[in-house]
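What follows is the residue order along each chain.
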Amino acid sequence: MAIVISGTLLLACSDGGPGLQGAVSSAAALQPQARPSTITPSTTVAAQPAAMPATTTPAAARPIAPIPAVTTPVATTPTPPTTTTPAVTVSPVAAKPGLYISEVAANYRRTDGVSWMEVFNNSPQAIHLSDYRLRATGWNIATQDISTTPMNFDLPKVDIPAGGYFVIAGKFMPFLTNTDKSAYVSATVVANGSSKTYLPYWSDTEGFVELLTASDNKTADFVRFGTSAVTPQTPSAWSGANVAAFPAKPDYVTVATPDPLDSYDGSIVRLSSSFTASGSKSDWSRVAFSTPGGPNDVPANAIDSDKDGIPDSAKVQGGTFGGMDLYSLGARKGQRDIFIHVNYMSSATDIAVTPQKNALQMVVDAFSTHNIKIHFDVGNLFSSSVSPASFNLSGDVSHKVAFEKCTQILSSTATSNSDFTPDAGCSSIYKYSSGSFDVRRKPVYRFMQMASSQLASGAGGSSGIAELPGNKFLVTLGGSGFAPNNARLQTILVNFQGGTIMHEFGHTLGLHHGGFEDQNYKPNYFSIMNYMYQLNGLPANASGGNPLQRYYYTFNNDFNSPVPGHATAGSYRLCDLPEGPCNAVFKIDYSNGSGKSLDEANLLEADNIGRGSVNGAYLDWNLNGMQDPASYAYDYINGQTVMRDNDDWSKLVLAANPHQVATAGLEAKAGVRLDELRKRGMIALEQPPSVHLLKELTSLK
């Protein structure tokens with residue numbers, strides 16, 4: 001469960017009642033140490049990655065046997081799914097055989113992070129990547145300074161097959177994991193007895209990327225864009241003007257993530273349909289849709305009419321995205337599609353780490369009424385072959401990873417959005433999303449890791465955590481007492497999973513705990529994003545009497561307060577909650593915004609939660625057990641604020657940064673770069689559930 005109380009909440013009630021302040025104060029001794037609901041963003045990253053191994057002397061040109069990519073152990077990070085992605089076919093191109101730069105992604109994050117580039121093996125035989133070096137500007141992780149001269153970055157010992165693509169990014173954190181299609185690199189410079197670690201760097205306004213042969217440091221390929229004036233090592237490798245800079249994004253959102261491969265805001269590419277290598281800007285096209293690790297098959301003029309982050313061209317029969325056939329997996333033009341790759345952990349005793357099919361279906365059903373199609377992929381958990389109905393988009397490929405008792409996005413002591421180093425004994429979600437998630441999927445799939453706990457002890461705690469906005473979220477319901485072969489616990493688990501998945505997923509779509517704000521527990525905010533409803537479910541009738549029961553249950557269990565009918569804190573039992581998680585029918589939903597605003601200076605109990613009242617239903621704000629006919633002031637939230645609903649469904653941001661290049665035309669017309677207003681994303685932190693709930697779950701074993 002996720003129970004958070006904003007720092008703006010709660011003074012004593014004007015009538016001497018407990019309010020939330022008194023309730024929380026009395027419950028504080030029972031709750032684990034709480035973290036703030038959000039963390040002030042920061043660009044400082046404490047941990048520094050290790051340097052990559054030195055390159056080897058290139059072998060003479062010859063057919064070579066494949067060398068396995070650098071990966072984590074198979075049990076922890078399985079090979080990314082490949083069964084549904086068509087094999088890459090080498091098309092005739094106006095370029096001699098060799099290794100080429102095929103894509104350079106924009107870095108709108110600038111010194112908040114770094115970006116990535118892709119190479120393509122345009123030859124009939126495998127190529128040793130370590131026979132090459134990457135030359136680029138360097139960015140220092142610790143000090144964030146940018147090198148004044150270009151730097152060389154050694155590349156890993158991996159073979160790129162004939163016609164294959166490979167993605168290279170800066171190793172921002174040590175837990176970022178290489179795969180057979182991607183690797184993270186860095187360079188360490190030692191001077192005056194101290195060392196500095198640099199990552200390859202360019203921005204959206206200027207930069208260059210150069211591929212060198214390691215044996216002689218001569219240019220194998222080069223591209224330069226924007227205002228960069230860097231000359232290639234072999235001067236004849238580039239001629240004429242630069243490729244144009246990336247257009248400004250006036251409302252760019254910097255997603256809080258340590259992984260450079262989470263940046264998909266446009267690229268310059270050599271289109272697969274017209275691959276040339278003239279050493280000039282004519283080889284390159286600017287595209288709105290990045291396609292890492294696969295063919296650059298999305299047209300430069302592609303649009304996203306559904307605003308779901310997937311181009312229309314990939315939603316028609318015969319269309320592809322980076323070589324992937326999304327149409328065959330259910331994507332359709334005119335339908336908003338969201339694909340979610342689901343990893344889960346192996347455990348014979350804790351069923352909470354395994355996704356429940358009915359829980360996933362609850363989420364699918366909630367979105368379907370709004371013309372949003374959710375495509376979950378749990379691999380072969382429910383079916384050994386591709387079956388969208390069984391949430392298998394990978395074929396006979398497992399998404400199961402080895403059990404770890406603790407998985408985190410941020411450390412438990414995080415004071416900023418860049419404290420990504422996990423606690424001792426804990427792993428990072430980014431280890432899994434980088435090491436067991438096919439890089440080709442990253443621009444169009446979100447990533448959900450089903451894990452056990454976020455506590456180093458492995459004990460039950462917060463039910464999840466997510467990027468806000470972003471594309472990754474954790475669900476951590478393990479360690480909370482869910483045992484196999486218990487029908488009641490099985491029902492509760494399905495409902496808890498459904499509510500938590502939709503809640504954490506909602507954060508990645510831009511929703512806060514109060515919809516548009518972090519203020520939690522507003523009864524009139526009738527949404528699964530609200531802690532009052534996340535694990536308790538939404539009553540079928542918002543005008544009836546069951547919203548009052550959520551209010552009572554929250555005070556009694558989460559705020560450790562007596563309520564009418566339950567004189568002792570924690571005595572309101574979970575399975576006594578009407579339409580609650582012990583029932584087979586359990587409603588999860590986002591708010592439609594139809595709730596009336598409720599003013600704490602003038603609360604009328606007959607207004608219920610602001611969505612009407614039937615059969616005498618009311619909201620007992622002051623917990624006196626009876627309906628007060630006249631309005632009164634009640635300081636439920638600090639400062640007698642006005643509690644406002646939010647139209648969640650109309651505010652969902654399916655693609656954090658629009659994949660359009662309309663600003664390019666505006667800039668060309670104006671002759672100047674447009675102003676940019678950069679916004680910083682955050683991590684939506686959650687709080688542990690009531691100790692009463694954890695005890696009750698244990699007692700139900």
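What counts and what doesn't
- Residues numbered from 1 in each chain as written.
- Predicted model: local features only at pLDDT ≥ 70, side-chain atom pairs only at ≥ 80, totals over all residues.
- Heavy atoms only, no water.
- Phe/Tyr/Trp six-rings, centres within 6.5 Å; stacked < 30°, edge-to-face > 60°.
- Helix = DSSP H or I, 4+ residues; strand = E, 2+ residues; numbered from the N terminus.
- Buried < 20%, exposed > 50% of the residue type's maximum accessible area, 1.4 Å probe, protein only.
- Lys NZ or Arg CZ within 6 Å of the ring centre and 35° of its normal.
- Polar contact = N/O pair within 3.5 Å; in protein donor to acceptor, adjacent residues only side chain to side chain.
- Contact = heavy atoms within 4.5 Å.

### Some details on the packing of aromatic side chains
Logical step 1: The full count for this structure, using the stated rule, is 31 aromatic pairs.
Logical step 2: Geometrically, the ring pair formed by Tyr100 and Phe275 is edge-to-face, given 5.7 Å between the ring centres and 80 degrees between the ring planes. One end of the pair, Tyr100, is in strand S1 (residues 98–105); the other, Phe275, is in the loop between strand S14 (267–269) and strand S15 (285–287), with 175 residues separating them in the sequence.
Logical step 3: Measuring from ring centre to ring centre gives 4.6 Å for Phe120 and Tyr165, while their planes differ by 25 degrees; the resulting arrangement is stacked. Of the two residues, Phe120 sits in strand S2 (residues 116–122) while Tyr165 sits in strand S7 (residues 165–170), which places them 45 residues apart along the sequence. The residues Phe120 and Tyr165 share a single accessibility class, namely buried.
Logical step 4: What links up through ring pairs into an aromatic cluster is the set Tyr521, Tyr531, Tyr551, Phe555, Phe559, Trp621 and Tyr636.
Logical step 5: We note Arg332 situated over the ring of Tyr327; from NZ or CZ to the ring centre the distance is 3.6 Å.
Logical step 6: Above the ring of Tyr525, the side-chain terminus of Lys522 is found at 5.4 Å from the ring centroid.

### Re the environment of Arg440
Logical step 1: Relative to the helices and strands, Arg440 is located in the loop between helix H3 (429–435) and strand S21 (445–451).
Logical step 2: Remark: the alpha-carbon pair of Arg440 and Thr291, spanning 149 residues in sequence, is separated by 6.6 Å.
Logical step 3: A distance of 2.5 Å separates a polar atom in the side chain of Arg440 from a polar atom in the side chain of Asp438.

### Describing the environment of Asn520
Logical step 1: With respect to the element layout, Asn520 can be found in the loop between helix H4 (487–508) and helix H5 (531–534).
Logical step 2: On the basis of relative accessible area, Asn520 is assigned to the buried category, the value being 0%.
Logical step 3: Sequence-wise, Asn520 and Tyr531 are 11 residues apart; in three dimensions their C-alpha atoms are separated by 6.8 Å.
Logical step 4: There is a polar contact of 3.1 Å between the side chain of Asn520 and the backbone nitrogen of Tyr531.

### As for helix H9 (residues 691–699)
Logical step 1: Among all positions of H9, only Val691, His692, Leu693, Glu696 and Leu697 are buried.
Logical step 2: Where H9 is buried, its residues touch H4 and helix H6 (546–558).
Logical step 3: One side-chain oxygen of the residue at the start of H9 lies 2.9 Å from the amide nitrogen of His692, identifying that residue as Ser690.

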